[in-house]
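# Observations on the model geometry
One-letter residues, chain by chain:
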Amino acid sequence: MESINMYAVGIDVGGTAIKIGLFEKNGRLVDKKEIPTRHENNCEFVFSDMAEAVKEVLKNNSVKKKNVSGIGIGMPGPVVNNVVQHCVNLGWQNKIDAAGITEKLTGIKTVVLNDADAAGYGELWQGSAKSYKNVVLVTIGTGVGGAVINNGVLIEGFGGSAGEIGHMTVEMNSKRHCNCGKNGCLETYASATGIVRTAEELLDSGEKSVLTKENLTARDIFDAAKNGDNVALKTVDVFGKYLGMALANIAVVTNPEIILLSGGVAYAGEIITDIVKKYFDVFAFKSVKNTEIKIASLKNEAGIYGAAYTTLS
């Protein structure tokens, strides 16, 4: 009897784009597609657009629905039992039955999880954490998110908010206001926007630099730091101090084998890992100082890998 190939679909929903990946059960990425996230009417077209894209990918690869183990979706917000609790990036303030809606539109069983958690599973399945069971993944982009995996199992927490490390308070007397409503969150110092804010404050103080406030990005800052610019170096130092401190605190609670840095900011290279390791060693408890810290390998595809993986277990 001829064996039938089974497939899984992984989806990563972002504020700008929705990524769709079709995977074989062994983890091979067969095809991928990206569509824009439409924001009209409070992003009401996200699910219908996503469903149509999935159907198109399956059709283009001659894959029948009965040969799909499921659809996994990574969503930017806390998720409990496949229900998105809220999603600031998409303007959703109330609970959304993302799995139920998707199953109705596609006829395929669906699993939903937080997008950073999906990225963590992706790295565990086919990325830099493939040979590990205890992993912390940190996503560093416009915001800061995270995933904590213990003995191969994702820790979600009671309300789906485990791993929201961007909202750890790292500066008690900070005037930096976070979108979550608090002041002094890690996200206000270690995200791309937080990094730019640090540089802007230094520029406002009159420090000389090749950087200017006009159209300033985190990439500009890291490039300038690599060339020895003083403001850029000070900015990177602030970033490393707060992220290194946060990771040291996480390590003493979860004791991971490896910490992976992911997201747009992380891909600046060794300048990131060097400064984070420096401060991690300063703040870390002795027994966790040897925790490996490295850049995640799947980059922007980690989310679709991890989302697909959840449908195979």
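First, a word on scope: everything that follows refers to the structure included in this document. Quantities reported herein were computed from a predicted structural model and do not represent experimental measurements. Residue numbers restart at each chain and count upward from 1, following the sequence in its written direction. Two thresholds apply to this predicted model, a pLDDT of at least 70 for residue-level local features and 80 or more for giving and counting side-chain atom pairs, whereas whole-chain, interface and lining totals are computed over all residues. With hydrogens and water set aside, each side-chain value is computed from the structure's full complement of heavy atoms.

### Comments concerning the packing of aromatic side chains
Cut-off, in case you're wondering: Put simply, two rings from Phe, Tyr or Trp (the six-membered ring, in Trp's case) pair if the centres are within 6.5 Å, and we call them stacked under 30 degrees between planes, edge-to-face over 60, tilted for the rest. For the purposes of this entry, the term helix denotes a DSSP run of H or I that reaches at least four residues, the term strand denotes a run of E that reaches at least two, and both are numbered from the N terminus. Partly exposed residues are those whose accessible area sits between 20% and 50% of the maximum for their type, while under 20% is buried and over 50% is exposed, using a 1.4 Å probe and protein chains only.
One pass over the structure, following the stated rule, counts 9 aromatic pairs. Seen from their ring centres, Tyr-121 and Tyr-309 are 5.3 Å apart, and the 55° between their planes marks the pair as tilted. Remark: Tyr-309 occurs in helix H10 (residues 302–309) and Tyr-121 occurs in helix H4 (residues 115–126); sequence separation between them is 188 residues. A relative accessible area of 13% places Tyr-121 in the buried class. Look at Phe-222 and Phe-239: their rings are 5.9 Å apart centre to centre, the planes differ by 85°, and that puts the pair in the edge-to-face class. With Phe-222 in helix H7 (residues 218–226) and Phe-239 in helix H8 (residues 230–254), this pair connects stretches of sequence that are 17 residues apart. In textbook terms, an aromatic cluster arises when at least three aromatic residues are bridged by ring pairs, as seen for Phe-23, Tyr-121, Trp-125, Tyr-305 and Tyr-309.

### Some remarks on unusual backbone geometry
Within the chain, Asn-81 stands out as a residue other than glycine whose phi angle is a positive 50°. Inspection of the secondary structure puts Asn-81 in the loop between strand S5 (79–80) and strand S6 (83–84). The residue Asn-215 is not glycine, and still its phi comes out positive at about 55°. Overall, Asn-215 belongs to the exposed group, its relative accessible area being 66%.

### Points about H10
For H10, the tally of buried residues reaches 7 of 8 residues, placing the bulk of the element in the interior. Inspection of H10 places Ala-302, Gly-303, Ile-304, Tyr-305, Gly-306, Ala-307 and Ala-308 among the buried residues, and these make up the whole buried set.

### Re H7
Put simply, the rule reads: Picture the helix axis, draw a direction to every C-beta atom, and the arc is the one those directions span. In what follows, residue pairs with any heavy atoms lying within 4.5 Å of each other are defined as contacts.
All of the buried residues along H7 are Ala-218, Ile-221, Phe-222, Ala-224 and Ala-225. Taken down its axis, H7 places every buried residue within 160° of arc, on the same side. Against the buried residues of H7 lie helix H6 (192–204), H8 and helix H9 (270–283). Of the residues trailing H7, Gly-228 is marked for its positive phi of about 90°.

### What about the packing of H6 against H8?
Stated formally: Angular values range over 0 to 180 degrees, each being the angle between N-to-C directions of two axes fitted as lines to C-alpha atoms, with helices fitted over their stretch in contact. Each angle is binned into one of four classes, with values under 35 degrees roughly parallel, values over 145 roughly antiparallel, values of 65 to 115 roughly perpendicular, and all other values oblique. Handedness of a crossing is defined here by the sense of rotation of the near helix relative to the far one, left-handed for an anticlockwise turn of less than a right angle and right-handed for a clockwise turn. Following the grouping adopted for this structure description, the nonpolar residues are Ala, Val, Leu, Ile, Met, Phe, Trp, Tyr, Cys and Pro, the charged ones are Asp, Glu, Lys and Arg, and the polar ones are all others, Gly among them.
Where H6 contacts H8, the two axes come as close as 9 Å, and the packing angle between them is 135°. Considering their axes alone, H6 and H8 lie oblique with respect to each other. The crossing of H6 and H8 is right-handed. Every residue of H8 that contacts H6 at Ile-195, Thr-198, Ala-199, Leu-202 and Leu-203 is listed here: Val-231, Lys-234, Thr-235, Val-238 and Phe-239. Residues belonging to the contact of H6 with H8 are distributed by class as follows: 7 nonpolar, 2 polar and 1 charged.

### Section: the environment of Asn-5
As for its position among the elements, Asn-5 is in the segment before strand S1 (7–13). As a C-alpha pair, Asn-5 and Val-265 span 260 residues in sequence and 37 Å in three-dimensional space. The contact partners of Asn-5, leaving out residues within four places of it in the chain, are Glu-24 and Asn-67.

### Remarks on the sheet that holds strand S8 (residues 135–140)
What counts is decided by this rule: The rule for pairing is simple: two strands pair if DSSP sees at least two bridges between them.
Judged by pairing direction, the sheet is mixed, and its 5 strands sit side by side in the order S10-S9-S8-S11-S12 without closing on themselves. A single partner strand is all that each edge strand has here, and the edge strands are strand S10 (153–154) and strand S12 (292–295). In the sheet, strand S11 (residues 258–262) pairs with S12 via 4 bridges, with the strands oriented parallel. Counted as the bridge partner of Leu-261 is Ile-295 from S12.

### Observations regarding the pairing of strand S7 (residues 110–114)
Of all 5 residues in S7, 4 are buried, a share of seventy percent or more. Alignment of strand S4 (residues 68–75) against S7, held across 5 bridges, turns out to be parallel. Paired with Gly-72 across the bridge in S7 is Val-111.

### Points about the sheet that holds S1
Sheet architecture is open: 5 strands sit in the order S3-S2-S1-S4-S7, paired in mixed fashion. The outermost strands of the open sheet, each flanked by one partner alone, are strand S3 (29–36) and S7. If you compare each strand with its neighbour and ignore which way they point, the axes differ by 15° on average. Bridge count between strand S2 (residues 17–24) and S3: 7 bridges; the pairing is antiparallel. Residue pairing in the sheet places Leu-22 in a bridge with Asp-31 of S3. Contacts between H10 and the sheet are confined to S1, S2, S3, S4 and S7, with S1 contributing the most and set at about 130° to the helix.

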